[in-house]
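# Structural overview for review
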Amino acid sequence: MKLSTDHPRALVRRLFSFWAPTAASMRGWALAAVVVNAGITVTGAAVRVTGSGLGCPTWPKCTPDSFVPIAHPEVSPINMAVEFGNRLLTFLVLAVGFACVVAALRLAPRRRSLLLLAWLQPVGIVAQALWGGLVVRTLLNPFTVSMHFLLSIGLIAACWMLYRRASEGDGPARELVHRDVRRLGHVLVAAVFVLLVAGVVVTGTGPHSGDALASRFDLDIESMARLHADLVYLVVGLTFALLFALRVTDAPRPARRAALALLVIELAQGVIGYTQYFLAVPAFLVGLHVLGSTLVWIAALRTVTALRGRGTPKVAPRPSPAEVAAIT
């Protein structure tokens, strides 16, 4: 029997590589998880800035009478399509999550660290879906919407750690830079997370609530925007300090490149942020800013995980097609 893992087409082999995984395909699925989780975070923002947050006014059904969009007198068909499309993307993210679990289960030798990180994905995605139902049922309360984004940030972190751990062994963490430099990296990641929290508070205070029925935080938007800007300066300063420290201590090149990439993304994100502020927060730039925030978070995780190593992963010989067929 010819298995999909031995298919002549490379795309088919990659799609079914979770069934007979290698270290490389395990990393590939982990990276795919990072991409799809980041993607649905951005499309979630698109739902909000297009005013489609209640495009499907009920949950888990789209309308009180149907799981799929049907004509509703109080909802625009476009808004309904946008929200329903975002809900459908959850199944793609969940499929990638389960592919990571299967790959971690079938990887030889099996690694407990990868399996635990892989299981966080489908569990987290289901939790996110349930929380999304709460977001709808609370009519886009800004607290529930903010937590929805922060849960996505947590899932992205779990996906990145799976990718990183799949690229290294299970030995004790070995510092690749001076201890104080690594501590600076941890402070930087914490500062980026605080910046993201401040960002969702600004978002929950300003326009683009997702629907006319949605409430807003009762805060002064100017004060929150200034606080957010101050945190941006702090994060950029910490990033520059880390990059400088890595340079003068002759740190490994991957760590220096990761820190430089983070700084470039932060500066680009700052340009977007100031532009949207002075242009009265247009919807397109808000969505672009959410994409930038997601990339800053991923780049910060990449930077801090480049400051330590665990050696190379153990690689088992890849089974022959006959051996794979025997165990299936």
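Residues numbered from 1 in each chain as written. Predicted model: local features only at pLDDT ≥ 70, side-chain atom pairs only at ≥ 80, totals over all residues. Heavy atoms only, no water.

When helices and strands are tallied, the protein chain shows 10 helices and two strands. Counting from the amino terminus, the protein chain carries its helices and strands in the arrangement α-α-α-α-α-β-α-α-α-α-β-α. Relative to a compact globule of 328 residues, whose C-alpha radius of gyration would be 20 Å, the protein chain shows 22 Å and is just as compact. Put simply, of all contacts in the protein chain between residues at least 6 apart along the chain, 74% involve residues at least 24 apart. For the protein chain, the accessible surface area stands at approximately 16700 Å², while carbon and sulfur atoms represent 69% of it. (Helix = DSSP H or I, 4+ residues; strand = E, 2+ residues; numbered from the N terminus. Rg over C-alpha atoms; globule rule 2.2 N^0.38 Å. Contact = heavy atoms within 4.5 Å. Areas by Shrake-Rupley, 256 points an atom, 1.4 Å probe, with all protein chains shown as cover.)

With 67 residues, the main nonpolar core has Met-26, Leu-162, Val-192, Leu-246 and Trp-297 as its most contacted residues. Contributing elements (two or more residues each) for this core: helix H2 (23-49), helix H3 (77-106), helix H4 (112-137), helix H5 (142-166), helix H6 (179-205), helix H7 (221-248), helix H8 (253-278) and helix H9 (283-305). Not counting chain neighbours up to four residues away, the residues in contact with Leu-162 comprise Met-26, Ala-30, Cys-100, Leu-114, Leu-117, Ala-118 and Gln-121. (Core = buried A, V, L, I, M, F, W, Y, C linked by side-chain atoms within 4.5 Å. Buried < 20%, exposed > 50% of the residue type's maximum accessible area, 1.4 Å probe, protein only.)

On inspection of all chains with the given rule, the structure shows five aromatic pairs. For the ring pair Phe-193 and Trp-297, a centre distance of 6.2 Å and an interplane angle of 50 degrees mean the geometry is tilted. Remark: Trp-297 occurs in helix H9 and Phe-193 occurs in helix H6; sequence separation between them is 104 residues. The rings of Tyr-274, Tyr-277 and Phe-278 are connected pair by pair, giving a single aromatic cluster. When the ring centre of Trp-19 is taken as reference, the NZ or CZ atom of Arg-106 above it lies at 3.9 Å. (Phe/Tyr/Trp six-rings, centres within 6.5 Å; stacked < 30°, edge-to-face > 60°. Lys NZ or Arg CZ within 6 Å of the ring centre and 35° of its normal.)

A covalent bond bridging the sulfur atoms of two cysteines is what the word disulfide describes. Tallying each qualifying case throughout the model produces one disulfide. Cys-100 takes part in no disulfide bond, and the closest cysteine sulfur to it belongs to Cys-159, at a distance of 6.9 Å. Given a relative accessible area of 0%, Cys-159 falls into the buried group. (Disulfide = S-S within 2.5 Å.)

Side-chain pairs of opposite charge can arise where the charged atoms are in close proximity. Applying the stated criterion to the full structure yields six salt bridges. Among the ionic pairs, Arg-165 bridges to Glu-168, the shortest N-O distance being 3.3 Å. The residues Arg-165 and Glu-168 share a single accessibility class, namely buried. Among the salt bridges present, the one from Asp-180 reaches Arg-183, with a minimum N-O distance of 3.6 Å. One end of the pair is Asp-180 and the other is Arg-183, both in helix H6 and three residues apart, which spans about a single turn. Accessibility expressed as a relative area gives 44% for Asp-180, which makes it partly exposed. Judged by relative accessible area, Arg-183 falls into the partly exposed class, the value being 48%. One connected set of salt bridges, linked through shared partners, spans Arg-164, Arg-165, Glu-168 and Arg-308. (Salt bridge = Lys/Arg side-chain N within 4 Å of Asp/Glu carboxyl O.)

For the rest of this paragraph, the subject is the environment of Glu-83. Structurally, Glu-83 is set in helix H3. Among the residues examined, Glu-83 registers a relative accessible area of 8% and is labelled buried. Between the C-alpha atoms of Glu-83 and Pro-57, which are 26 residues apart in sequence, the distance is 9.5 Å. Those residues in contact with Glu-83, other than ones at most four positions away along the chain, are Val-47, Ser-52, Gly-53, Gly-55 and Cys-56. A polar contact is formed between the side chain of Glu-83 and the side chain of Arg-87, at a distance of 2.9 Å. (Polar contact = N/O pair within 3.5 Å; in protein donor to acceptor, adjacent residues only side chain to side chain.)

Next up on the list: unusual backbone geometry. Residue Pro-60 is bonded to the preceding Trp-59 through a cis peptide linkage, with omega at 5 degrees. Of note, Pro-60 is situated in the loop between H2 and H3. Cis rather than trans, the peptide bond between Ala-108 and Pro-109 has omega equal to -5 degrees. Its identity is not glycine, yet Leu-139 carries a phi of approximately 55 degrees, on the positive side.

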